[in-house]
Amino acid sequence: MEIDIDNELEKNYEKLQEEKLIDLNFVKPNKDCTQGCDNITDNNYVCFECEEIQVREKYPNAKYTDDCEWVLDK
Ligand SMILES: [Zn+2]
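Since the model is a prediction, treat every value here as computed from it, not as a measurement.

Quick word on the overall build of the chain
Helix and strand content of the chain: two helices and three strands. In sequence order, the chain lays out its α and β elements as α-β-α-β-β. A globule of 74 residues ought to have a C-alpha radius of gyration of about 11 Å, yet the chain, at 17 Å, is considerably larger. Within the chain, the fraction of its 74 residues that count as buried is 4%.

Have a look at this one:
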């Protein structure tokens, strides 16, 4: 059976429409963090653990995708 590429693309597109990217601007480095948050420079780097905590606090149904992005799961 051949794979219907157009159909696959269509399905992916529909999937993207269902998910909503979360804007991570609200995520801040945790000053008590020892895992890798940057509290020294102005880079505002937030380690994944702290990012996840803050995202889940604000968006309880947030989901981390295989593309390393947070989306709202419907
Ligand atoms: Zn951290």
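Picking up where we left off.
Topic: the sheet that holds strand E3 (residues 70-72)
In a beta sheet, neighbouring strands are held together by backbone hydrogen bonds and run either parallel or antiparallel to one another. Reading across the sheet, the three strands line up as E1-E3-E2 and stay open at both edges, with antiparallel pairing between neighbours. Of all the strands in the sheet, the pair left with one neighbour each is strand E1 (20-21) and strand E2 (62-64). Relative to E3, E1 runs antiparallel, the two being bridged by two bridges. By the bridge assignment, lysine 20 is partnered in E3 with leucine 72.

A closer look at unusual backbone geometry
The backbone phi angle of asparagine 44 is positive, close to 55°, even though this residue is not glycine. Of note, asparagine 44 is situated in the loop between E1 and helix H2 (48-58). Not every positive phi belongs to a glycine, and cysteine 68 is a case in point at roughly 60°. With respect to the secondary-structure elements, cysteine 68 resides in the loop between E2 and E3. Here cysteine 68 falls in the exposed class, since 7 other C-beta atoms lie within 10 Å of it.

What counts as what
Residues numbered from 1 in each chain as written. Predicted model: local features only at pLDDT ≥ 70, side-chain atom pairs only at ≥ 80, totals over all residues. Helix = DSSP H or I, 4+ residues; strand = E, 2+ residues; numbered from the N terminus. Rg over C-alpha atoms; globule rule 2.2 N^0.38 Å. Buried ≥ 20, exposed ≤ 12 C-beta atoms within 10 Å, placed from the backbone. Pairing = 2+ DSSP bridges.

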